[in-house]
Amino acid sequence: MSSAENIELQEKDTDQGENLLAKLALEAELADYSPVKGCMVIRPYGYSIWEQIQSALDKMIKETGHQNAYFPLFIPESFLQKEAEHVEGFAPECAVVTYAGGKELEERLVIRPTSETIINHMFSKWIKSYRDLPVLINQWANIVRWEMRTRLFLRTTEFLWQEGHTAHATYEEAIEETKKMLQVYKTLSEEYLAIPVIDGEKTERERFAGAVKTYCIEGLMKDGKSLQMGTSHYLGQNFSKAFDTKFQDQNGQLQFVYQTSWGVSTRLIGSVVMTHHDEKGLKLPPKIAPVQIVIVPIYKESTEKDIVLKKCKEVEDILSSDFRIKTDSRDQYSPGWKFNHWELKGVPIRINLGPKDVSSNVVEIVRRDTGEKLRNIPQEGLRQYLLKLSNEIQENLFRQAKEFLLKNTFVINNEKEFVKKIESGGYLVCFWCESSTCEENIKLKTKATVRCIPFKLPVDQNQEEGYCISCNKKTNLKVLFAKAY
RNA sequence: CGGGAAGUAGCUCAGCUUGGUAGAGCGUCCGUUUCGGGUGCGGAAGGCCGCAGGUUCAAAUCCUGUCUUCCCGACCA
């Protein structure tokens, strides 16, 4: 990290929103490009964010009764072809291994673009009776989708994710599971990532290939585009029929299981960057920040240095059981340089500690979210003070993002207004007649698509009935349009 | 996958039109000075000019291919 780079970032920031995610991710050392198209290396700082997200979500997944397992990377090509819509949806973006062990393979192996097929294959072996149900499984894995156009974190060729796969005896139970896990994702996003989301159902056009229903959470990024942050699919019996995943019910009848699948990916890291940043760099929510507090020692001569560093160590020791904390005692950088460095990296709280503070038993605290300097904070009770402050920062980031979401959500009643408004981004609440043709027409004109049919509208729109934004047909369906990633 | 732009020192870029010993600023290293918002000064190191071919006495420079990145489009979640 150099000053030249950083100044560069700030200059380009103003006029080049489009490129911001890549710039921030590279500058803050979250990731780097690999030699292979569309692939990225997740660097330690970025991976640590992923680990924070993982550990929070993994806990929630287990609390809702699921167990982790691991299924193989390679899937026999024939498996993909068993479910008609699934093949059609995924075939073009599959990477296939045709040659291994020095010869052409008898059966080609697909590198998983998702694991429904292989998991169903195994479920068929394991599920015999209603007593075996439900099966509630999750796996943390990498997957590969050969995308034409890639983008750091948001759409990479290979990415890390979690995919839950469950099998149930009834429709009701499977639907409940689908919705429950979507709710888990909403909680993860809002309480940990500090990103408000709209939860709802996908239209037919946007649905997962092979699903009966797809539910999603959508977040509004700072550039006004919507990002799908998680999906939860009700698969019905599509896969169980294709893979013959059957169980014997209480009455001795053979039935196909009802299934769900749900996932979030390293895309979430992208969503955090695209939601929480300013001209200085990232603003990481404390709950997922790899470093929550950084201490910057300030000193002149070596006698001062000893005293100050000793105090830093003392403060760090007091706080280390409650915070991920780090003292930046590197001698080759000035305090000013370190201030900028850690701001770029998005560390939520910084403690400046110099000789003046040592002598009067105080510290200076700087909030990353507001930039506010809190001077002369007594060392006594610092732990409590920072716990409170940390929560406040977490909440404030969410509040700001929520305000942004609401400020950029508009109720729109006619197409002319729609076309004009969508230019500047944001969500448009509109009536829609549910025809794919109208959805397509809007997309051709504006690039915007139906992000979801929200469970609950983010803004008030009390009109029960209205007219389709595209064809003017009378309808009572209200949806959320936006340009999306 | 189609159209456009780019790839030269760790970073940002100049040099290419008109072929002839590889450049700058920042960073890095050494010394010194400084340290509460990217210190100042002096010195030094650092480059298969993305990769592979071709043309030429000679290629960063011209030609062909290829890889990667960015933008626009198509595709996709």
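Here the residue numbering is sequential within each chain, running from 1 through the sequence in written order. To label them, take the chains in the order written and letter them from A, then take the ligands in the order written and number them from 1. Selection of residues for local features in this predicted model requires a pLDDT of at least 70, selection of side-chain atom pairs for listing and counting requires 80 or more, and totals for whole chains, interfaces and linings are taken over all residues. For side-chain calculations, the full set of non-hydrogen atoms in the structure is used, while hydrogens and water are omitted.

### Points about the overall build of chain A
Then step 1. A run of DSSP states H or I qualifies as a helix once it reaches four residues; a run of E qualifies as a strand once it reaches two. Both are numbered from the N-terminal end. Tallying secondary structure elements over chain A gives 15 helices and 27 strands in all.
Then step 2. For 485 residues, the compact-globule estimate of 2.2 N^0.38 gives 23 Å, and chain A sits close to it at 25 Å.
Then step 3. Expressed as lengths along the three principal axes of its C-alpha atoms, the size of chain A is roughly 80 × 60 × 45 Å.
Then step 4. Exposure classes here rest on a 1.4 Å probe applied to the protein chains alone. A residue is buried below 20% of its type maximum, exposed above 50%, and partly exposed in between. Here chain A holds 485 residues, and the buried ones make up 55% of them.
Then step 5. Only heavy atoms matter for contacts: two residues are in contact if any of them lie within 4.5 Å across the pair. Contacts in chain A between residues at least 24 apart in sequence constitute 69% of all its contacts with a sequence separation of at least 6.
Then step 6. The protein chains shown are the only cover counted for residues, whose accessible areas, like all others here, come from Shrake-Rupley with a 1.4 Å probe. Summing over all exposed atoms, chain A offers an accessible surface of approximately 22100 Å²; the carbon and sulfur share of this is 48%.
Then step 7. Positive charges are assigned to Lys and Arg, negative charges to Asp and Glu, while His and the chain termini are left out of the count. To locate a charge, the coordinates of NZ of Lys, CZ of Arg, CG of Asp or CD of Glu are taken. Across chain A, 65 positive and 68 negative side-chain charges occur, with their mean positions spaced 2 Å apart. The quantity called the radius of gyration is restricted to C-alpha atoms. Its globule counterpart is 2.2 Å times the number of residues to the power 0.38.

### Here we look at the nonpolar core
Then step 1. Counting residues in hydrophobic clusters, the biggest one holds 54 residues, and the most contacted among them are Leu30, Ile53, Leu57, Phe153, Leu193 and Met229.
Then step 2. Where this core is concerned, the elements lending two or more residues are α2 (20–27), α3 (44–63), α7 (171–192), β10 (213–220), β11 (226–236), β14 (258–265) and α9 (267–275).
Then step 3. It is α3 that contributes the most residues to this core, eight residues altogether.
Then step 4. The domain limits used here are those given by an automatic or database domain assignment. In this structure, this core is formed jointly by two domains, domain 1 (3–278) and domain 2 (291–387), each of which donates at least three residues.
Then step 5. Non-local contacts of Ile53, meaning those with residues more than four positions away in its chain, are made with Leu188, Leu193, Leu268, Ile269 and Ile288. Throughout this description, the term nonpolar core refers to a set of buried Ala, Val, Leu, Ile, Met, Phe, Trp, Tyr and Cys residues connected via side-chain atoms within 4.5 Å.

### Quick look at the domain arrangement of chain A
Then step 1. Considered domain by domain, chain A is made up of domain 1 (3–278), domain 2 (291–387) and domain 3 (409–482).
Then step 2. A C-alpha centroid distance of 49 Å is found between domain 2 and domain 3.

### Points about the sheet that holds strand β5 (residues 95–100)
Then step 1. Here three strands make up an open sheet; going across it, the order is β4-β6-β5 and the pairing antiparallel. Edge positions in the open sheet fall to β4 (74–76) and β5, since each of these has one partner strand only. The sheet shows a mean angle of 45 degrees between the axes of neighbouring strands, taken without regard to direction.
Then step 2. Strand pairing follows a simple DSSP-based rule, namely that at least 2 bridges must link the two strands. Pairing of β4 with strand β6 (residues 103–111) involves three bridges; the strand directions are antiparallel. Angular values range over 0 to 180 degrees, each being the angle between N-to-C directions of two axes fitted as lines to C-alpha atoms, with helices fitted over their stretch in contact.

### As for the environment of Met60
Then step 1. Note that Met60 resides in helix α3.
Then step 2. We classify Met60 as buried; its relative accessible area is 11%.
Then step 3. Not counting chain neighbours up to four residues away, the residues in contact with Met60 comprise Val184, Thr187, Leu188 and Tyr192.

### Quick notes on the side chain of His276
Then step 1. Counting through the fold element by element, His276 comes out in the loop between α9 and β15 (277–278).
Then step 2. Two N or O atoms count as a polar contact when they lie within 3.5 Å, although within protein this holds only if one can serve as hydrogen donor and the other as acceptor, and sequence-adjacent residues are included solely when both atoms are side-chain atoms. There is a polar contact of 2.9 Å between the side chain of His276 and the backbone oxygen of Leu193.
Then step 3. Here the side chain of His276 touches Ala194 through a polar contact of 3.1 Å, landing on its backbone oxygen.
Then step 4. In this structure, His276 is in contact with Leu193, Ala194, Ile195, Leu282, Lys283, Pro285, Leu397 and Ala401, ignoring residues within four places of it in sequence.

### Observations regarding unusual backbone geometry
Then step 1. Cis geometry is found at the peptide bond from Leu133 to Pro134, where omega equals -5 degrees.
Then step 2. Non-glycine residue Lys447 carries a positive phi angle of around 75 degrees.
Then step 3. Position of Lys447 among the secondary structure elements: in the loop between α15 (436–446) and β24 (449–454).

### A look at the sheet that holds strand β8 (residues 158–168)
Through backbone hydrogen bonds, the strands of a sheet pair up, either in parallel or in antiparallel fashion.
Then step 1. Judged by pairing direction, the sheet is mixed, and its 11 strands sit side by side in the order β3-β7-β8-β14-β11-β10-β9-β24-β27-β23-β22 without closing on themselves. What marks the edges here is a single partner per strand, and that holds for β3 (67–68) and β22 (409–411).
Then step 2. Pairing of β8 with β14 involves eight bridges; the strand directions are antiparallel. Directly across from Gln162, in β14, lies its bridge partner Val264.

### Describing the packing of aromatic side chains
The geometry of an aromatic ring pair is captured by two quantities: the separation of the ring centres and the angle between the planes.
Then step 1. Any pair of Phe, Tyr and Trp rings, taking the six-membered ring for Trp, is counted once the centres come within 6.5 Å. Such a pair is stacked with planes under 30 degrees apart, edge-to-face with planes over 60 apart, and tilted for the rest. This structure, assessed with the given rule, holds 11 aromatic pairs.
Then step 2. Measuring from ring centre to ring centre gives 5.9 Å for Trp50 and Trp140, while their planes differ by 80 degrees; the resulting arrangement is edge-to-face. Taken together, the residues Trp50 in helix α3 and Trp140 in strand β7 (residues 135–144) connect sequence positions 90 residues apart. Comparing Trp50 with Trp140, the two get one shared label, buried.
Then step 3. On the basis of an interplanar angle of 10 degrees and a centroid distance of 3.7 Å, the ring pair of Tyr333 and Trp337 is categorised as stacked.
Then step 4. Through a chain of ring-to-ring contacts, three or more aromatic side chains come together here, namely Phe71, Phe123 and Trp126.
Then step 5. Our definition puts a charge over a ring when NZ of Lys or CZ of Arg is within 6 Å of the ring centre and also within 35 degrees of the ring normal. When the ring centre of Tyr192 is taken as origin, the NZ or CZ atom of Lys287, which lies over that ring, is 4.8 Å away.
Then step 6. Directly above the ring of Phe410 sits Lys421, whose terminal nitrogen or CZ lies 4.1 Å from the centroid.

### Focus on the pattern of salt bridges
Then step 1. Any Lys or Arg side-chain nitrogen located within 4 Å of an Asp or Glu carboxyl oxygen qualifies as a salt bridge. Inspection of every chain in the model, using the stated rule, returns 29 salt bridges.
Then step 2. The partner of Asp278 in a salt bridge is Lys283, and the shortest N-O contact between them spans 3.9 Å. Comparing Asp278 with Lys283, the two get one shared label, buried.
Then step 3. With a closest N to O distance of 3.7 Å, Glu465 and Lys474 form a salt bridge.

### Regarding the pairing of strand β9 (residues 197–201)
Then step 1. Across the five residues that make up β9, a large majority, five, are buried.
Then step 2. Of the two faces of β9, the one carrying Val197, Asp199 and Glu201 and the one carrying Ile198 and Gly200 are both buried.
Then step 3. As defined by bridge partners, β9 adjoins β10 across five bridges and the pair is classed as antiparallel. In the sheet register, Glu201 faces β10, and the bridge partner there is Tyr215.
Then step 4. Summarising the sheet, β9 and β24 pair through two bridges and their orientation is antiparallel. Paired with Gly200 across the bridge in β24 is Pro454.

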